Amino acid sequence: MTASQAGEERSLTPTQWKQFFAAWLGYLLDGFDFLLITLVLTEIKDEFGLSLVQASTLVSAAFVSRWFGGLILGAIGDRFGRRSAMVISILCFSLGSFLCGVAWSYWPLFVFRAIVGIGMAGEYAASVTYAMESWPARFKNRASGALLSAYPIGVVLASQLYPLVVPHLGWRWMFFIGLLPAAVAWWMRRSLPEAQEWQENSRRGAVTENTAIQLLF
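Before going into details, it helps to say that this report is about the structure given with it.

Criteria and cut-off values
- Residues numbered from 1 in each chain as written.
- Predicted model: local features only at pLDDT ≥ 70, side-chain atom pairs only at ≥ 80, totals over all residues.
- Heavy atoms only, no water.
- Helix = DSSP H or I, 4+ residues; strand = E, 2+ residues; numbered from the N terminus.
- Buried < 20%, exposed > 50% of the residue type's maximum accessible area, 1.4 Å probe, protein only.
- Contact = heavy atoms within 4.5 Å.
- Areas by Shrake-Rupley, 256 points an atom, 1.4 Å probe, with all protein chains shown as cover.
- 1 Å grid on protein atoms, 1.4 Å probe; cavity = no way out; pocket = protein on both sides within 12 Å on 5 of 7 lines; lining within 4 Å.
- Points joined across faces, edges and corners; volume = space filled by probe spheres on them.
- Nonpolar A, V, L, I, M, F, W, Y, C, P; charged D, E, K, R; others polar.
- Core = buried A, V, L, I, M, F, W, Y, C linked by side-chain atoms within 4.5 Å.
- Polar contact = N/O pair within 3.5 Å; in protein donor to acceptor, adjacent residues only side chain to side chain.
- Expected span 1.5 Å × (residues − 1).
- Arc of directions from axis to C-beta.
- Axes fitted to C-alpha atoms, helices over the stretch in contact; angles between N-to-C directions.
- Parallel < 35°, antiparallel > 145°, perpendicular 65-115°, else oblique.
- Left-handed = near helix turned anticlockwise from the far one by under 90°.
- Salt bridge = Lys/Arg side-chain N within 4 Å of Asp/Glu carboxyl O.
- Patch = residues over 30% accessible without salt bridge, like charges linked within 9 Å, V, L, I, M, F, W, Y side chains within 5 Å.

### With respect to the overall build of the protein
Each helix and strand counted, the protein has 13 helices and zero strands in total. Reading the secondary structure of the protein in the N-to-C direction produces α-α-α-α-α-α-α-α-α-α-α-α-α. The buried share of the protein, taken over its 217 residues, is 45%. Considering only contacts in the protein between residues 6 or more positions apart, those separated by 24 or more positions represent 80%. By element, 66% of the accessible surface of the protein is carried by carbon and sulfur atoms, the whole surface being about 10,700 Å².

Structure (structure tokens):
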């Protein structure tokens, strides 16, 4: 190991901190949305005249589509870069959240929740991988542990915003609020470099040799 490489191992650069925060913020959105739909379920049920069973399926809609989002966006991240997968996932999440806020009946809302689920699955896979491959090896475990803090913070944030927003503005604004941090995360990710480890694998040709990815691309 050269002296410069050893110095990089001992400290983190501002860019690496920014990369981590972008991943952390995306994971926070995951926790925020997880609780959000359960908080506003009663208001949605009353407005659309849904049965309890119908309303409950809106919670599972995002989970049903997660496997598809994880598969597709995970493959995109392996083939075209972690940053690309992160940007696509946050766009899916943002678009799905906005559409949930303007949904006019049960089935459109169900479809929009499924779009959110695709983004959420890709968000988790891309964010964790991006952070792990951007930080030096000696800090990877710390980064992994620190990322876990984002999810419960997102859950708490949703619970605190509910009594402030829904009684005054209605349930739809809870979905609109979710666009604010998503816009920040998307802006950050557009300006961030690709994960260093993925770049090194790409230069060696390891990315294109992945047979699982070749099934999709």
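Let us keep going from here.
### Some thoughts on the layout of surface pockets
Here the second largest pocket is characterised by a volume of approximately 160 Å³. Thr-13, Gln-16, Gln-19, Ser-134 and Gln-196 are, among the 12 residues lining the second largest pocket, the residues nearest its centre. Elements with a contribution of two residues or more to the lining of the second largest pocket: helix H2 (14-39) and helix H12 (196-204). Tallied by class, residues from the lining of the second largest pocket come to two nonpolar, eight polar and two charged.

### Re the nonpolar core
Val-40, Ile-44, Leu-58, Leu-109, Met-174 and Phe-175 are the most contacted members of the largest nonpolar core, which has 32 residues in total. For this core, the elements supplying multiple residues, two or more each, are H2, helix H3 (41-48), helix H4 (52-64), helix H6 (82-101), helix H7 (106-134), helix H9 (150-169), helix H10 (172-177) and helix H11 (179-190). Top element by residues in this core is H2. It accounts for six residues. Setting aside its immediate chain neighbours within four residues, Val-40 contacts Tyr-162, Val-166, Trp-171, Met-174 and Phe-175.

### Comments concerning the side chain of Arg-82
On the secondary structure map, Arg-82 appears in helix H6. Under the relative-accessibility criterion, Arg-82 is labelled buried at 11%. Of note is the side chain of Arg-82, whose polar atom sits 3.3 Å from the backbone oxygen of Gly-77. Ignoring sequence-local partners within four residues, the contact set of Arg-82 consists of Gly-77, Ala-126, Thr-129, Tyr-130, Glu-133, Glu-194, Ala-195 and Trp-198.

### A short note on H11
With 12 residues, H11 extends 16 Å between its outermost C-alpha atoms, agreeing within 8% with the 16 Å of an ideal straight helix rising 1.5 Å per residue. Every buried residue of H11 is accounted for by Ala-182, Ala-185, Met-188 and Arg-189. For H11, the angular spread of buried residues about the axis comes to 125 degrees, placing them on one side. Looking at H11, the residues exposed on the side facing more than 90 degrees away from the buried face are Leu-180, Trp-187 and Arg-190.

### Comments concerning the packing of H6 against H7
Contact geometry of H6 with H7 gives a least axis separation of 7 Å together with a crossing angle of 155 degrees. Here H7 runs roughly antiparallel to H6, going by the angle between their axes. As H6 packs across H7, the resulting crossing turns out to be left-handed.

### Some points on the pattern of salt bridges
Under the criterion given, the structure shown has five salt bridges. The partner of Asp-78 in a salt bridge is Arg-82, with the nearest N and O atoms 2.3 Å apart. Residue Glu-133 is joined to Arg-82 by a salt bridge in which the shortest nitrogen-to-oxygen separation is 2.9 Å. One end of the pair, Glu-133, is in helix H7; the other, Arg-82, is in helix H6, with 51 residues separating them in the sequence.

### Structural notes on a nonpolar patch on the surface
There is a patch of nonpolar side chains on the surface, built from Val-64, Trp-67, Phe-68 and Leu-71 and spanning about 440 Å² of accessible area. With three residues, the single largest contributor to the nonpolar patch is helix H5 (residues 66-80). For Leu-71, the location among the structural elements is in helix H5. The class for Leu-71 is partly exposed, based on a relative accessible area of 43%.

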